[in-house]
Amino acid sequence: MSLALNIDHSSAPRPAPSGRTPIVGLSKAEIAGKLGEMGLSERDQRMRASQLWNWVYVNGVTDFDRMANISKGLRAELAAAFDVSRPEIVSEQVSNDGTRKWLFRFRDPEHPNMPPVEVETVYIPESDRGTLCVSSQVGCTLTCSFCHTGTQKLVRNLTAGEILAQVMMARERLGDFPGGVRPTDGLVPAGESRAITNIVMMGMGEPLYNYDNVKKALLIASDGAGLSISKRRITLSTSGVVPKIGPTGDEIGVMLAISLHAVRDDLRDVLVPINKKWPLKELLEACRTYPGVSNAKRITFEYVMLKDINDSDADAKELVRLLAKIPAKINLIPFNPWPGSNYQCSDWDRIESFADIVNRAGYASPVRTPRGRDILAACGQLKSETERLKKKDRDAFML
């Protein structure tokens, strides 16, 4: 059975008071600039920015008083200018397979009178690694017909800080910062390895529709002096925002995954409606020319297995034909049901037959083991309860 943990909200982090700037999500240059506004010299700006970076990202500190190599007087000034708190945890659930799901609550620091928003983040542990599935938006605009998240309208983009805060809060809860304690429930990699070794931008939202914030967050996450997560261990998944695929490779340099799910435009128009704007021919050409793509840096194509929809032998053969000359790995994903869905998961023998055809063509095609189904944490199941405000209500909160 799944386990829902009770969170003590009396001790949960509060939103930043008006006027304080969240540090998480700022680049080093931006932190230095803020320090310059406080009157620090250029030399001190660089030094203090590096110190803050280390305390926040390496040590996971959320209290300026713990920053021992900064004078007491300056710590007080920093505490008045910056916020280093974590998001509020609304709920934390642990699946019977060890998968862990959090519902985080964020408040817009630029519009403190706006209602908070909530996003889901999922931790998928294995014996030798742990993958964090991170959200980029509250809701989604894509309305993919098999995806639960697509039934929730887009509320807003997450900031770079809110994207990173999911990683920071997960690392804290998993005891991944120095002095942290690993949880005893669920599954966490054994030994001295990090609890979070991989990040996938596969949570709520389309990352490339929030490109600037996702780019900034992932460059900070992969900074060797901070969270230091290798770009080879960060995967960004897109449904096919073709104009941003090239820049993702050039400017971010992470691994790429494509939510494909169909081998014909007419079917993909239904399953992944963004295909009407950028059809398969354009999408696959962007993949062939993805910067750095090679046998050592393959593109992952995600393919959800829908009974009697996209799972025939003919579909498998066409998939092989479409991906010719693209260094690729194909993830076959058994459909994860959700309340009100109109699809069924392909039968297991049908999935195996499909996988055999792809394997014989020389492509690695693992079948993804469903994880966290009992807590609606599996692929395509994420959805928070935050919905779009009516325009008049949103405008009223902006005043």
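Our structure is the block above this text.
Predicted, not measured: the structure shown is a model, and the values here were computed from it.

> Residue-level account of the overall build of the protein chain, with values.
Scanning the protein chain for helices and strands turns up 11 helices and 14 strands. Here the protein chain holds 399 residues, and the buried ones make up 52% of them. The contacts of the protein chain with a sequence gap of at least 6 include a subset with a gap of at least 24, amounting to 68%. Just so you have it, the protein chain exposes about 17600 Å², and 50% of that area is on carbon and sulfur atoms.

> Explain the nonpolar core to me, and be specific about the residues and the numbers.
Core analysis: the largest hydrophobic core is formed by 105 residues, its most contacted members being Leu52, Tyr57, Ile299, Phe301, Leu319 and Leu323. Residue contributions to this core peak at 8 residues, all from helix H4 (residues 160-173). Residues in contact with phenylalanine 301, not counting those within four places in the same chain, are Ile258, Leu260, Leu284, Cys287, Leu323, Ile326, Ala328, Lys329, Ile330 and Asn331.

> Kindly report on the pattern of salt bridges, identifying the contributing residues and their values.
Side chains that differ in sign of charge can pair as their charged atoms come close. Going through the model one piece at a time under the given rule, you end up with 19 salt bridges. One salt bridge in this structure joins aspartate 315 and arginine 264, with 3.6 Å as the shortest N-O distance. With aspartate 315 in helix H9 (residues 313-322) and arginine 264 in the loop between strand E12 (255-259) and helix H7 (265-271), the pair connects residues that are 51 residues apart, well separated along the chain. Between lysine 307 and aspartate 347 there is a salt bridge, and its shortest N-O distance comes to 3.7 Å. Separated by 40 residues along the polypeptide, lysine 307 in the loop between strand E13 (299-305) and H9 and aspartate 347 in the loop between strand E14 (328-334) and helix H10 (348-360) bring together distant segments of the chain. One network of salt bridges, in which partners are shared, links Glu88, Arg105 and Glu118.

> Before we move on, can you summarise the pairing of E13 with the specific residues and values?
Counting buried residues along E13, 7 of its 7 residues qualify, which places the element largely inside the surrounding structure. In E13, alternate side chains face the same way, and those of Ile299, Phe301, Tyr303 and Met305 on one face and Thr300, Glu302 and Val304 on the other are all buried. By the bridge criterion, 7 bridges tie E13 to E14 in an arrangement that is parallel. Counted as the bridge partner of isoleucine 299 is alanine 328 from E14. Taken together, E13, H9 and E14 form a β-α-β motif whose crossover is right-handed.

> If you had to explain the side chain of glutamate 162 to someone new, which residues and values would you point to?
Note on placement: glutamate 162 falls in helix H4. If sequence neighbours within four positions are ignored, glutamate 162 has contacts with Phe106, Arg107, Arg156 and Asn157.

> With reference to specific residues and values, describe helix H6 (residues 242-252).
What sets the pattern is the α-helix's 3.6 residues per turn: residues three or four places apart point alike. Residues of H6 that are buried include every one of Val242, Ile245, Thr248, Gly249 and Ile252, and no others. Along H6, the residues classed as buried sweep out an arc of 115° about the axis, all on the same side. Where the residues of H6 are buried, they touch helix H5 (211-221), strand E11 (234-238), E12 and helix H8 (280-288). Just downstream of H6 lies glycine 253, where phi reads positive at about 80°.

> An account of the packing of aromatic side chains is requested, with residue identities and associated values reported.
Per the stated rule, a full pass over the model turns up 4 aromatic pairs. Cation over ring: arginine 171 sits above phenylalanine 177, and NZ or CZ is 4.5 Å from the ring centre. For lysine 244, the ring lying beneath its charged end belongs to tyrosine 211, and the centroid distance is 4.7 Å.

> Can you lay out the pairing of strand E5 (residues 100-106) for me, pointing to particular residues and giving the numbers?
Within E5, 6 of the 7 residues are buried, leaving the element largely enclosed by the surrounding structure. Summarising the sheet, strand E4 (residues 88-94) and E5 pair through 6 bridges and their orientation is antiparallel. Bridge pairing in E5 links glutamate 92 to tryptophan 102. Counting the residues between successive antiparallel strands, the hairpin from E4 to E5 contains 5 residues, one of them, glycine 98, with a positive phi of roughly 95°.

> Break down the environment of glutamate 118 for me, with residues and values.
Within the fold, glutamate 118 resides in strand E6 (residues 117-125). Along the chain, glutamate 118 and glycine 139 lie 21 residues apart, while their C-alpha atoms are 9.3 Å from each other.

> Which residues make up the packing of H5 against H6, and what are the values?
Taken N-terminus to C-terminus, the directions of H5 and H6 make an angle of 25°; their axes are 11 Å apart at the nearest point. Taken together, H5 and H6 sit at an angle that is classed as roughly parallel. Seen from above, H5 lies across H6 with right-handed handedness. Contact residues: H5 offers Tyr211, Lys215, Leu218 and Leu219, while H6 offers Lys244, Pro247, Thr248, Glu251 and Ile252. Across the contact of H5 with H6, the residue classes break down as 5 nonpolar, 1 polar and 3 charged.

> Would you mind going over the side chain of serine 222 in detail, with residue names and values included?
As for its placement among the helices and strands, serine 222 is situated in the loop between H5 and E11. Engagement of the side chain of serine 222 in a polar contact is seen with the backbone oxygen of leucine 218, the distance being 2.9 Å. Looking at serine 222, its side chain comes within polar contact range of the main-chain oxygen of leucine 219, at 3.3 Å. Not counting chain neighbours up to four residues away, the residues in contact with serine 222 comprise Ser228, Ile229, Lys231 and Ile234.

About the thresholds
- Residues numbered from 1 in each chain as written.
- Predicted model: local features only at pLDDT ≥ 70, side-chain atom pairs only at ≥ 80, totals over all residues.
- Heavy atoms only, no water.
- Helix = DSSP H or I, 4+ residues; strand = E, 2+ residues; numbered from the N terminus.
- Buried < 20%, exposed > 50% of the residue type's maximum accessible area, 1.4 Å probe, protein only.
- Contact = heavy atoms within 4.5 Å.
- Areas by Shrake-Rupley, 256 points an atom, 1.4 Å probe, with all protein chains shown as cover.
- Core = buried A, V, L, I, M, F, W, Y, C linked by side-chain atoms within 4.5 Å.
- Salt bridge = Lys/Arg side-chain N within 4 Å of Asp/Glu carboxyl O.
- Pairing = 2+ DSSP bridges.
- Right-handed = clockwise from strand over helix to strand, strands pointing away.
- Arc of directions from axis to C-beta.
- Phe/Tyr/Trp six-rings, centres within 6.5 Å; stacked < 30°, edge-to-face > 60°.
- Lys NZ or Arg CZ within 6 Å of the ring centre and 35° of its normal.
- Axes fitted to C-alpha atoms, helices over the stretch in contact; angles between N-to-C directions.
- Parallel < 35°, antiparallel > 145°, perpendicular 65-115°, else oblique.
- Left-handed = near helix turned anticlockwise from the far one by under 90°.
- Nonpolar A, V, L, I, M, F, W, Y, C, P; charged D, E, K, R; others polar.
- Polar contact = N/O pair within 3.5 Å; in protein donor to acceptor, adjacent residues only side chain to side chain.

By themselves these figures say nothing about function.
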